Amino acid sequence: MAALKRKSEPFADSEEAWEKKPKAMSMSFKKWGVEEVCDFLTQNELDAVIPLFKAEAISGSVLPDLTEEQLAKIGVACLGTRLTILQIIKHLQGKREEEEAQSNGFGTSLHLHLKVFNDPIHGHIELHPLCVRIIDTPQFQRLRYLKQLGGAYYVFPGATHNRFEHSIGVCYLAGRLVRELKDRQPELKITEQDILCVQIAGLCHDLGHGPYSHLWDGLFIPMVRQGIKWRHEDSSVKMFDYLVEDNDLKPIFEEYGLGERDRVFIKEQIAGPQERDVQQGWNYFGRKEQKSFLYEVVANKRNGIDVDKWDYFERDCYHLGINSIFDHNRFIKFARVIRVDGHLQICSRDKEVGNLYDMFHTRNVLHRRAYQHKVNRIVEIMMAEAFAKADPHFDLEGRDGKTYHLSNAMEDVVAYTKLNDSLFHQILNSHNPNLAGARDILRNIEKRVLYKCVGQTVPKAELTITKKDTEVFAQEICDIVTPDDLEEAERPLRAEDFLLDVINLDYGMKKKNPIDNVRFYKKNNPEVAIRVRKDQVSQLLPETFAEQLLRIYCRRTDPGTLNVTRKAFIKWCIKKDMPLPKGGDAVLELTPVRTLGCTQRPGTDDMTHKKNLQF
């Protein structure tokens, strides 16, 4: 029975067996030659395969990387024998990982130093000591004071969450996904250093956000510095370097086996390759092409499926009171790395395609119901206008005593670190007469005296609209107003009274279906990546994956002006051959009239007879 047990469980008593064969076991298996490997096989009663291993010159350095496919290829025909060898190989892989971990500060006592965070989304999560050191810095603590959803808190009372908790959530999910891949596919040779680097990238990916998050880079900066190409990801990279330097963390990184190349890898995950060479196929320096899939974990440029979105979908839905139908846990469970067109990519089971469509649908729902909510947009536009008025009169001291304004603070990491959401109340409570205009706007937000949405239309075809175009459109709408209409308004209308807001909604890749860039695998053939067409999934999926909304807001809020503006916007839409606007705050009744030879089909909307409307 003992012999039978030893055959079925060849390495069950591994530590005891390790001591019994001095010739093979007295040295690290990575130093074994072919003869030591043969001795090891003899010890585990696998003499039958020794000639095969000798013929292929299998040494200890390659033994742990053998796969079942390779074993079959060299002639190990018996399935039971292959499974026995794979059990042994799994044990050797564990030994190798333990040796590497202990040599780089990842020893078995590491878990004693992990810090536990109780997160409302992911529960109790453990973070590596180096991640905790990063969290406990002024540059990272600043994220506590940056609201995740900008001005949405003024519309959704629950939207109080911030970039701090989101970043910790992304760090946790990044570690979970990569560790699952490591355990499921040892042949990928994912190291503990790889996992830690991906976690740190997730932790630090939002360091470069400005006050009220996307309000800063999406509204304020384009308003005050037109034409500048600035991404918060670029500032995140600068802030990461500053965080490491200012807190003297390089020795701590090295203590855990992370050098300069690893720090480059972290930054490349956040903002892409630091240098691009069109002549060279692989532009990343931090990791070689064999580990290209690691660049898809935190910010996936190929199809948008990444842990950053998973966390903010779940977290935003939780705080907004919106139900999420996407399950990121299922994606992690079925994730697999497969070679596609020469590159290793993260793929999923074919049956998970519906779950991924749910993910992109969740993104669309969040944009429509929250991020692009008309009142949320109005609040953020008003805040951006207030910050723009305050910009020339607000000074921040940077390095070497140099002074920066709000609009160029991102050029200096010291000045930028001082910027957070407290800016709103600094302006509101200031007695500086130069900030009076900005204060008035912020007070109106506090008193809920907001701009009003006059209406919204959906252009038939996507328009390329510049800031100059919006000014022209506003003047055109103003010119449409007749003298009779003006009697209803309190005073004449000006183009400055209107704001045109262009909103592009999509599934994350403009007009493209992002699932077209996802690869799947079948249960019975997990090594081959396949596509899944939309028509193979459901006939109820979208036909188009992008649309454009055109909204008009009015700075004046008296009912007469709003109704006059609403009428003018309707006439402008008719003139531009756009659908009639809906969803405004103006109260206006339209009376459709019949003309000779014109009949209205049941179920048609007012677009069919827009030329026959009278006011």
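Residues numbered from 1 in each chain as written. Predicted model: local features only at pLDDT ≥ 70, side-chain atom pairs only at ≥ 80, totals over all residues. Heavy atoms only, no water.

**Q** Give me the lowdown on the sheet that holds strand 9 (residues 520-522), citing residues and values where you can.
**A** Ordered in space as 3-4-9-10, the four strands form an open sheet in which the pairing is mixed. Here the strands that pair on one side only, and so sit at the sheet edges, are strand 3 (336-340) and strand 10 (525-530). When the angles between neighbouring strand axes are averaged without regard to direction, this sheet yields 50°. Across two bridges, strand 9 lies against strand 10 in antiparallel orientation. Paired with phenylalanine 520 across the bridge in strand 10 is isoleucine 530. (Pairing = 2+ DSSP bridges. Helix = DSSP H or I, 4+ residues; strand = E, 2+ residues; numbered from the N terminus. Axes fitted to C-alpha atoms, helices over the stretch in contact; angles between N-to-C directions.)

**Q** With reference to specific residues and values, describe the packing of aromatic side chains.
**A** The description of an aromatic ring pair rests on the distance of the ring centres and on the angle between the ring planes. Inspection of every chain in the model, using the stated rule, returns 22 aromatic pairs. Each ring, one from phenylalanine 220 and one from phenylalanine 387, has its centre 6.4 Å from the other, and the planes form 85°; the classification is edge-to-face. In this pair, phenylalanine 220 sits in helix 12 (residues 214-224) while phenylalanine 387 sits in helix 19 (residues 374-390), placing the two residues 167 residues apart along the sequence. Between phenylalanine 360 and tyrosine 507 the ring centres are 6.3 Å apart and the planes differ by 15°, which places this aromatic pair in the stacked class. With phenylalanine 360 in helix 18 (residues 353-371) and tyrosine 507 in the loop between strand 8 (498-506) and strand 9, the pair connects residues that are 147 residues apart, well separated along the chain. An aromatic cluster of three or more residues is present, and its members are Tyr153, Tyr154, Tyr212, Trp216, Phe220, Phe387 and Phe424. (Phe/Tyr/Trp six-rings, centres within 6.5 Å; stacked < 30°, edge-to-face > 60°.)

**Q** Could you give me a rundown of the sheet that holds strand 11 (residues 546-554), with the residues and numbers involved?
**A** The sheet built from three strands is open, its strands ordered 7-11-8 with antiparallel pairing. Taken across any chain shown, the strands that pair with only one partner, and hence form the sheet edges, are strand 7 (452-457) and strand 8. Each strand axis lies, on average, 25° off the axis of its neighbour in the sheet, ignoring direction. Against the sheet, helix 25 (residues 559-575) makes contact with strand 7, strand 8 and strand 11, and its axis sits at roughly 15° relative to strand 7, the strand it touches most. (Contact = heavy atoms within 4.5 Å.)

**Q** So what about the pattern of salt bridges? Which residues, and what values?
**A** Inspection of the entire model under this criterion finds 36 salt bridges. One salt bridge connects glutamate 165 with arginine 315, and the closest N-O pair in it is separated by 3.8 Å. Of this pair, glutamate 165 sits in helix 10 (residues 163-184) while arginine 315 is found in helix 16 (residues 307-320), placing the two residues 150 residues apart along the sequence. Neither residue differs from the other here; glutamate 165 and arginine 315 are each classed as buried. Between arginine 443 and aspartate 440 there is a salt bridge; the shortest N-O distance is 4.0 Å. A residue pair is termed a helical-turn pair when its members lie 3 or 4 positions apart in one helix, as arginine 443 and aspartate 440 do in helix 22 (residues 436-446) at three residues. A relative accessible area of 42% places aspartate 440 in the partly exposed class. Put simply, Asp119, Glu165, Asp311 and Arg315 are held in one network by salt bridges that share partners. (Salt bridge = Lys/Arg side-chain N within 4 Å of Asp/Glu carboxyl O. Buried < 20%, exposed > 50% of the residue type's maximum accessible area, 1.4 Å probe, protein only.)

**Q** I'd like a description of the pairing of strand 4 (residues 343-349), backed by residues and values.
**A** The buried fraction of strand 4 is high, at six of seven residues. Direction of pairing for strand 3 relative to strand 4: antiparallel, over a ladder of five bridges. Note that in strand 4 the partner of isoleucine 338 across the bridge is glutamine 345. In this structure, the hairpin formed by strand 3 and strand 4 is closed by a connection of two residues, where aspartate 341 is found at a positive phi of approximately 50°. In this structure, strand 4 lies alongside strand 9, joined through two bridges in parallel fashion. Opposite arginine 349, over in strand 9, you have tyrosine 521 as the bridge partner.

**Q** Help me get a handle on the packing of helix 23 (residues 467-480) against helix 25, residues and values and all.
**A** Running from amino to carboxyl end, helix 23 crosses helix 25 at an angle of 110°, the nearest separation of the two axes being 8 Å. Comparing their axes, helix 25 and helix 23 come out roughly perpendicular. Regarding helix 23 and helix 25, the two cross each other, and that crossing is right-handed. Across the interface between the two elements, Phe473, Glu476, Ile477 and Ile480 of helix 23 pack against Ala568, Phe569, Lys571 and Trp572 of helix 25. (Parallel < 35°, antiparallel > 145°, perpendicular 65-115°, else oblique. Left-handed = near helix turned anticlockwise from the far one by under 90°.)

**Q** Account for the nonpolar core, naming residues and giving values.
**A** Of all hydrophobic cores here, the largest spans 130 residues; its most connected members are Phe140, Ile200, Trp216, Phe253 and Trp310. For this core, the leading source of residues is helix 10, giving ten residues. Those residues in contact with phenylalanine 253 that sit more than four places away from it in its chain are Leu130, Ile134, Ile200, Phe240, Val244, Leu258, Arg263 and Ile266. Membership of the second largest hydrophobic core comes to 22 residues, among which are Val481, Leu562, Val564 and Met578. (Core = buried A, V, L, I, M, F, W, Y, C linked by side-chain atoms within 4.5 Å.)

**Q** So what's going on with helix 13 (residues 232-246)? Residues and values would help.
**A** If you check helix 13, its first and last C-alpha atoms are 20 Å apart, about what 15 residues at 1.5 Å a residue would give, namely 21 Å. All buried positions along helix 13 are accounted for by His232, Ser235, Ser236, Val237, Met239, Phe240, Tyr242, Leu243 and Val244. (Expected span 1.5 Å × (residues − 1).)

**Q** Got a sec to walk through the environment of leucine 463? Specific residues and values, please.
**A** Tracing the backbone shows leucine 463 in the loop between strand 7 and helix 23. For the pair leucine 463 and glutamine 548, spaced 85 residues apart in sequence, the C-alpha separation works out to 7.9 Å. Beyond its immediate stretch of four places on either side in the chain, leucine 463 contacts Gln548 and Met578.

**Q** Hey, could you go over unusual backbone geometry for me, with residue numbers and the actual values?
**A** If you check the backbone angles, alanine 57 has positive phi at about 55° while not being a glycine. One can find alanine 57 in the loop between helix 5 (50-55) and helix 6 (68-73). You will see that serine 213, though not glycine, has its phi angle at about 55°, which is positive. Looking at the secondary structure, you find serine 213 in the loop between helix 11 (192-204) and helix 12. Serine 213 gets classed as buried once you look at its relative accessible area, which sits at 1%.

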